[in-house]
Amino acid sequence: MKVLRFIAVMLFALTVMVAPVLAADTIKIGAILAVTGPASFLGAPEAKTLDMMVADINNKGGIKGKKIELIIKDSGASPEKAVSFAKQLIEEDKVLAIIGPSTSGETMKIKSVAEEGKTILMSCAAAEVIVNPVAKYVFKTPQMDKDAVIKIFEYMNSMKLTKAGVLSSNTGFGKAGKEQLEKLAAAHGISVVASESYDSKATDLTAEVTKVKAAGAEAIINWSIEPAQSIVIKNAKQIGFKGPIFQSHGFGNIKYVEAAGEAAEGVIFPAGRLLVADVLPASHPQKAVLAKYKKDYESKYKEDASTFGGHAYDALVILTKAIEKAGSADKEAVRNAIEGLKGVVGTGGVFNFSAQDHNGLDINAFEMLTVKKGKFVLLETPKKGTSKKK
Amino acid sequence: MNIELLSQYLVAGITYGTIYAIVAIGFNIIYNATGIINFAQGEFVMLGGMTAVTLHGYMPLPAAILSAVIVTMIIGALIEALFIRWLVGPSVLRMIIITIGISIMLREAALHVWGEAVRALPYFTGTEISVISFGDVHVSPQVLWVTGISAVMVLCLNFFFNYTLLGRQMRACSSNRDAARLCGINAKNMVTLSFVLSAGIGALAGCVVSPITYVQYDSGTGLAIKGFTVAILGGLGNSSAAIAAGLILGILESISVMILPTAFKDVVSISLLLIILFVRPSGIFGSVEASRLKEF
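Residues numbered from 1 in each chain as written. Chains lettered and ligands numbered in written order. Predicted model: local features only at pLDDT ≥ 70, side-chain atom pairs only at ≥ 80, totals over all residues. Heavy atoms only, no water.

### So, the pairing of strand E8 (residues 219–223) of chain A
Both faces of the sheet carry side chains from a regular strand, because those side chains alternate between them. Residues and elements named next belong to chain A. In plain terms, the rule: Note on exposure labels: buried denotes an accessible area under 20% of the residue type's maximum, exposed denotes more than 50%, and partly exposed covers the range between, all computed with a 1.4 Å probe on protein chains only. Runs of H or I in DSSP of at least four residues are treated as helices and runs of E of at least two as strands, each being numbered from the N terminus. Pairing between strands requires that DSSP locate at least two bridges from one strand to the other. A right-handed crossover is one whose linking path, passing over the helix from the first strand to the second, runs clockwise when the strands point away from the viewer.
In terms of burial, E8 is a largely internal element, 5 of the 5 residues being buried. Where burial is concerned, the two faces of E8 agree: the one with Ala219, Ile221 and Trp223 and the one with Ile220 and Asn222 are both buried. Sheet analysis places strand E6 (residues 163–169) next to E8, joined by 5 bridges and oriented parallel. Along E8, the bridge assignment pairs Val166 with Ile221. Two strands pair when backbone bridges link them, and E8 and strand E9 (residues 245–247) are joined in this way by 3 bridges, in the parallel orientation. Looking at E9, one finds that Asn222 is bridged to Gln247. Regarding topology, helix H8 (residues 228–238) serves as the crossover connection from E8 to the parallel E9, and that connection is right-handed.

Given below as structure tokens:
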């Protein structure tokens, strides 16, 4: 017993002595990610990506000689947990920046925490409200949901479809998407004939898709990030819905396609170019970055890379560039440096930040993709005259 | 509103209802033997589905399901032996808290074993998009599987509890454990048996519904809440009533989607549960007299 106590005291003393030494030459970066829970499809690849990148950066000697100390907190997609982790990271760990959270709902909850703590927040969530209106310390790396909506509507125009049935989950992401869809529809000559939301943990959505079909929808647009988006397409096909089914950029994980099996064939969605990195022309500015990230991730973790991991990748790349540019790990200097970054090539697109634009991406960051034989492929613009597609 | 559309909503309701009912049956068995609610029942469902998906990689579907059921039954037995068996005269409250603890433990263990990925067994017949059509009404063959298996399950359970010695011993333990012991029934073994049985039934339910609902380490909780609602609605301990209550709830939810915004679906089911608990705590089909004699 005495020996144990002695060891415990010694260990404690050691940590107390070592901690400040470590802190002096490392850069602390926090991350709040939904590694488990309903949004784990987002958070898990994000956490894996950060782990991989930080190990890589530190092996190469860190940023300007300083190693990165990464602190990942698993929020399980719970906004309450995200808030307490954010406070902990800012007040106790005194991190330079927080990467994440994975979901829009969580991000909106901790936006004010980051502002008050004057700590940079690099959100990996999609909703436009995160950076519009601009908050001084809040940035985000995924493309705008507004642009995703416009992409879908433009595609519907080219297919000569005008009636859309909207389904969305009751999460921050779902709500934000629903709002944008309803707001932007009229400008594109599209009428939303039904707009229904469902519980993100729903197990079967036959009644919901029946309702949308009965309302006369020519196309179904679903906005969610949960497994529910696989259930939606399955149920829609089961009740004999023949029109095209659109998904949000939240569909960009091949696991959703696997889960939906045959039902996923022909689903159309906007996404960053990571999913089609292999077929991009070599001259494309993103080709090299995408190919490298995809290869590194897939060889390390033996699973397909997804756009979500890419959002975390972009967040860390932007941070490191900004730290290099600022020449120090001072919060203010780094924040200012981010606003001045131009032409940073990431997985989500080419980022051009400014004081008004804390996202840095435009609609060109999206490509329209579809599913063919269980794989993501680039969608070609439909030829004139083909109005319906199975 | 045409008749075909209405039928399609009905089919949707039946789909929900059978999923809820098949989960609810598991609650009833442990209740029948011990008089407690096993809040880890949803985790048995999840374990069954997860194990079957994993085993399906190595063996054909029927063998995978059978093995998954057996594995989950063994886990059920272990849980009872480790956490419940040695308790001396445990109160109902204490046992309920223990089962809640077990459910959290199983969920976290599943997260470590299987990760956070969503999995599913393949459809038993056909694929994700194959349907059986009656005019303009479409139903997935898997729904028929769920319905059929629940029906067979209820028939077997009714036979077991009413006509076999073992089943009647289990019921005796539930109604009065001391009296049952005096009659020479080994009450502890009966409790173990009830955990094994309900774990097996939960696992089978998990396998059958997984093509429709998918299975994830935490999908047990959601299913358990609805299953529990249905078990209460029908009257605890009565498996045929659970099926009826499941169908009632499922169809009500589906009809609520038809008239109200879909976001109100769960409001309907939970309001129904509250009304039943206030007005008729013994459940729609339960006997008021019998429920007065129960401890819980």
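### A short note on the interface of chain B and chain A
Short version of the rule: Working rule for contacts: check all heavy atoms of both residues, and any pair within 4.5 Å makes them a contact. Buried area is understood as the total, over both parts, of accessible area removed when two parts are fitted together, assessed with a 1.4 Å probe. The salt bridge definition used is simple: a Lys or Arg side-chain nitrogen within 4 Å of an Asp or Glu carboxyl oxygen. Pairing of N or O atoms within 3.5 Å defines a polar contact, subject to two protein rules: one partner must be a possible hydrogen donor and the other a possible acceptor, and residues neighboring in sequence count only if both atoms are side-chain atoms.
Taken together, the contact between chain B and chain A spans 35 residues of the former and 35 residues of the latter. Here chain B and chain A share an interface that buries about 2,900 Å² over both sides, 55% of which is from carbon and sulfur atoms. Sorting the residues of chain B by area buried against chain A places Glu116, Glu128 and Tyr214 of chain B first, and these three jointly supply 22% of that buried surface. Counting across the interface, chain B meets chain A through 1 salt bridge. The closest approach of N and O atoms between Glu208 of chain A and Lys265 of chain B, which form a salt bridge, is 3.3 Å. Taken together, the links from chain B to chain A amount to 13 residue pairs in polar contact (both at pLDDT 80 or more).

### Describing the side chain of Glu106 of chain A
Among the secondary structure elements, Glu106 of chain A is positioned in helix H4 (residues 104–116). Here Glu106 of chain A is in contact with Ala34, Ser75, Ala77, Ser78, Pro79, Ala82 and Pro101 of chain A, once residues within four sequence places are set aside.

### Quick look at the pairing of strand E14 (residues 375–378) of chain A
Residues and elements named next belong to chain A. The pairing of strand E13 (residues 367–372) with E14 spans 4 bridges and is antiparallel. Paired with Lys372 across the two strands is Lys375, which belongs to E14. Connecting E13 to the next strand, E14, in antiparallel fashion are 2 residues, including Lys373 with a positive phi near 50°.

### A few points about the sheet that holds strand E2 (residues 67–74) of chain A
Residue and element names in this part refer to chain A. This is how it is decided: With axes taken as lines fitted to C-alpha atoms, and helix axes fitted only over the stretch in contact, angles between N-to-C directions fall between 0 and 180 degrees.
If you walk across this open sheet you meet the 5 strands as E2-E1-E3-E4-E5, and the pairing is parallel. Looking at strand neighbours, the two that pair on one side only are E2 and strand E5 (138–140), the edges of this open sheet. Each neighbouring strand pair of the sheet contributes to a mean axis angle of 25°, computed without reference to strand direction. Against the sheet, helix H2 (residues 40–59) touches strand E1 (26–33), E2 and strand E3 (97–99), its axis set at about 165° to E2. Together, strand E4 (120–123) and E5 form the strand contacts of helix H12 (residues 331–339), whose direction differs from that of E4 by roughly 40°.

### Things to note about unusual backbone geometry
Residue and element names in this part refer to chain A. In this structure, the amide linkage connecting Gly100 to the following residue, Pro101, adopts the cis form with an omega of -5°. Tracing the sequence through the fold places Pro101 in the loop between E3 and H4. The omega angle of the peptide bond from Asn132 to Pro133 is 5°, so this bond is cis rather than trans. With respect to the helices and strands, Pro133 occurs in the loop between E4 and E5. Positive phi, close to 65°, is recorded for Ala77, a residue that is not glycine. With respect to the helices and strands, Ala77 occurs in the loop between E2 and helix H3 (79–91). You will see that Lys94, though not glycine, has its phi angle at about 50°, which is positive. When you line up the elements, Lys94 lands in the loop between H3 and E3. For Lys94, a relative accessible area of 59% puts it in the exposed group.

### A word on helix H1 (residues 3–34) of chain B
Defined as follows: To estimate the expected span of a helix, count its residues, drop one, and scale the result by 1.5 Å.
Taking 1.5 Å as the rise per residue, H1 of chain B with 32 residues should run 46 Å; its terminal C-alpha atoms sit 46 Å apart, in good agreement. With its phi angle positive at about 75°, Gly35 of chain B sits one or two positions after the end of H1 of chain B.

### Regarding the packing of helix H5 (residues 141–163) of chain B against helix H6 (residues 165–175) of chain B
All names here are of chain B. Heads up, the condition is: An angle below 35 degrees is read as roughly parallel, one above 145 as roughly antiparallel, one from 65 to 115 as roughly perpendicular, and any other as oblique. Each residue is assigned to one class: nonpolar for Ala, Val, Leu, Ile, Met, Phe, Trp, Tyr, Cys and Pro, charged for Asp, Glu, Lys and Arg, and polar for all the others, Gly among them.
Contact geometry of H5 with H6 gives a least axis separation of 5 Å together with a crossing angle of 75°. As judged from the angle between their axes, H5 and H6 are roughly perpendicular. Of the residues in H6, those in contact with Phe160, Phe161, Asn162 and Tyr163 of H5 are Leu165, Leu166, Gly167, Arg168, Met170 and Arg171. Taken together, the residues that form the contact of H5 with H6 break down as 6 nonpolar, 2 polar and 2 charged.

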